[in-house]
Amino acid sequence: MAELSNKEISALINLLDDPDDNIFSTVKQKLMNMGEKVIPVLENAWETSFNSLLQTRIENIIHRIQFEKVLEELVSWKKKRSKDLWEGAMLVARYQYPDLNEAKLLKQLQIIKQDVWLELNENLTALEKVKVINHILFDVHRFGGNTENYHAPENSYLNKVIENKKGNPLSLSILYLLIAQQLDLPISGINLPEHFVLAYTDEHAAPELTGEDRLLFYINPFSKGAVFSRKEIDMFLKQLNIAPEKSYYTPCNNVHIVRRLIRNLISAYTRSGNTEKVQELEEILLVLDDK
């Protein structure tokens, strides 16, 4: 089928405020099927219209096209053997901020990484390397936990965390992880219930050791990179009256981290009563299912 011209697309857009629901549904689907390429024409129609119903419907169609794109790209991301954490976090951020400037954000991340790299050397112990990251991230660049507005959705969008220098335990851990990964430091995520922390793996551990036996210590980015041991996790779980499980002590993969990020957003929007976003995020969560 031949592609429609901008004039033909504009004619379709003018039918979006038709009182006949069947006509509206047909036109909406045709525009949706065109994907991202139709967005500039829709945006132009929105800017030149004084019809509030038409503008609202255009906004909804643009959002849904962008939403479907995020879904599609997350499915593709999950299928990749090497699931890049930065890419996964950016795809989640694009759900709310489709026009975010990824190049600018990546440049800011590179500056932090470079500052850490300049302070590292091969003679440092694992604990000393972590202290370097902590100093650069929390003292020099002044990142920290958003204790005043802990449940705000912005705390789970990495672009806003980098911009505002405030986040929740998971988003600060993701930022910490991204820096560590770029510097080839053996730091991984630990998916605790109601919290998220990191762990440092002993690179010189005996080959027969597995799981938590290979871990030197844990790191809490929400507490400015405080280092702690398994005993603290035991106490934390006891306070929550939760039975210990292996997954609470051992590294998780990037898909689990992104799923946790989405669950945090579902919780945040549930608190604010935004049922539409909750439904969409649950739809996103489904495509990242462990199946």
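Scroll up to find the structure.
Cut-offs and rules
Residues numbered from 1 in each chain as written. Predicted model: local features only at pLDDT ≥ 70, side-chain atom pairs only at ≥ 80, totals over all residues. Heavy atoms only, no water. Phe/Tyr/Trp six-rings, centres within 6.5 Å; stacked < 30°, edge-to-face > 60°. Helix = DSSP H or I, 4+ residues; strand = E, 2+ residues; numbered from the N terminus. Buried < 20%, exposed > 50% of the residue type's maximum accessible area, 1.4 Å probe, protein only. Pairing = 2+ DSSP bridges. Axes fitted to C-alpha atoms, helices over the stretch in contact; angles between N-to-C directions. Contact = heavy atoms within 4.5 Å. Parallel < 35°, antiparallel > 145°, perpendicular 65-115°, else oblique. Left-handed = near helix turned anticlockwise from the far one by under 90°. Nonpolar A, V, L, I, M, F, W, Y, C, P; charged D, E, K, R; others polar. Core = buried A, V, L, I, M, F, W, Y, C linked by side-chain atoms within 4.5 Å.

Peer 1: An account of the packing of aromatic side chains is requested, with residue identities and associated values reported.
Peer 2: Overall, the coordinates contain 6 aromatic pairs when judged by the stated rule. Note on Phe-138 and Tyr-176: the rings are 6.3 Å apart at their centroids and 35° apart in plane angle, and the pair reads as tilted. Within this pair, whereas Phe-138 is found in helix α7 (residues 126-140), its partner Tyr-176 is found in helix α9 (residues 169-182), the two being separated by 38 residues in sequence. One exposure class covers both Phe-138 and Tyr-176, and it is buried. With a centroid separation of 5.4 Å and 35° between ring planes, the pair formed by Tyr-200 and Phe-217 is classed as tilted. Taken together, the positions of Tyr-200 in strand β4 (residues 197-201) and Phe-217 in strand β5 (residues 215-220) put the pair 17 residues apart, joining distant regions of the chain. Taken individually, Tyr-200 and Phe-217 each receive the classification buried, so the pair is uniform in this respect.

Peer 1: Mind laying out the sheet that holds β5, listing which residues take part and the relevant values?
Peer 2: Read from one edge of the open sheet, 4 strands run β3-β4-β5-β6, paired in antiparallel fashion. At either margin of the open sheet sits one strand with a lone partner, and together these are β3 (187-190) and β6 (226-228). The sheet shows a mean angle of 35° between the axes of neighbouring strands, direction not considered. Pairing analysis gives 4 bridges linking β3 to β4, with the strands arranged antiparallel. Its bridge partner lying in β4, Ser-188 is registered against Ala-199. In the packing of α7 onto the sheet, contacts are made with β3, β4, β5 and β6, and the angle to β5 comes to roughly 15°.

Peer 1: Talk me through the environment of Tyr-95; I want residue IDs and the actual numbers.
Peer 2: In this fold, Tyr-95 is placed in helix α5 (residues 85-96). With residues near it in sequence (within four places) discarded, Tyr-95 still touches His-63, Phe-67, Val-70, Tyr-157, Lys-277, Glu-280, Leu-281 and Ile-284.

Peer 1: Any details on the environment of Gly-145? Residues and values, ideally.
Peer 2: Considering the arrangement of structural elements, one finds Gly-145 in strand β1 (residues 144-145). Since its relative accessible area comes to 17%, Gly-145 is described here as buried. Once the C-alpha coordinates of Gly-145 and Leu-172 are considered, the two residues, 27 residues apart in sequence, prove to be 7.5 Å apart. With sequence-adjacent residues up to four places away left out, Gly-145 is seen in contact with Lys-166, Gly-167, Leu-172 and Phe-222.

Peer 1: Could you give an account of the packing of α5 against helix α6 (residues 102-119), naming the residues involved and the relevant values?
Peer 2: It is the contact of α5 with α6, at a shortest axis distance of 12 Å, that shows an interaxial angle of 135°. As judged from the angle between their axes, α5 and α6 are oblique. Crossing angle aside, the handedness with which α5 passes α6 is right-handed. Residue-level inspection shows Trp-86, Met-90 and Arg-94 of α5 in contact with α6, the latter providing Glu-102, Leu-105, Leu-106 and Leu-109. Here the contact of α5 with α6 is composed, by residue class, of 5 nonpolar, no polar and 2 charged.

Peer 1: Any chance you could break down the nonpolar core for me, citing the residues and the numbers?
Peer 2: Leu-158, Ile-174, Tyr-176, Ile-187, Ile-262 and Ile-284 are the most contacted members of the largest nonpolar core, which has 62 residues in total. Tallying contributions element by element places α9 first for this core, with 9 residues. Leaving out residues up to four positions away in the same chain, Ile-174 has contacts with Leu-85, Ala-89, Leu-158, Ile-257 and Leu-261. Among the nonpolar cores identified, the runner-up in size contains 19 residues, and Leu-12, Val-38, Val-41 and Ile-62 belong to it.

Peer 1: Before we move on, can you summarise the pairing of β5 with the specific residues and values?
Peer 2: Most of β5 is tucked away, with 5 of its 6 residues classed as buried. Bridge count between β4 and β5: 4 bridges; the pairing is antiparallel. Pairing of Ala-199 across the sheet is with Tyr-218, part of β5. Here 3 bridges tie β5 to β6, and the two strands are oriented antiparallel to one another. Of the residues in β6, the one forming a bridge with Ile-219 is Val-227. The antiparallel pairing of β5 with β6 creates a hairpin that spans 5 residues between the two strands, and Lys-224 there sits at a positive phi of about 55°.

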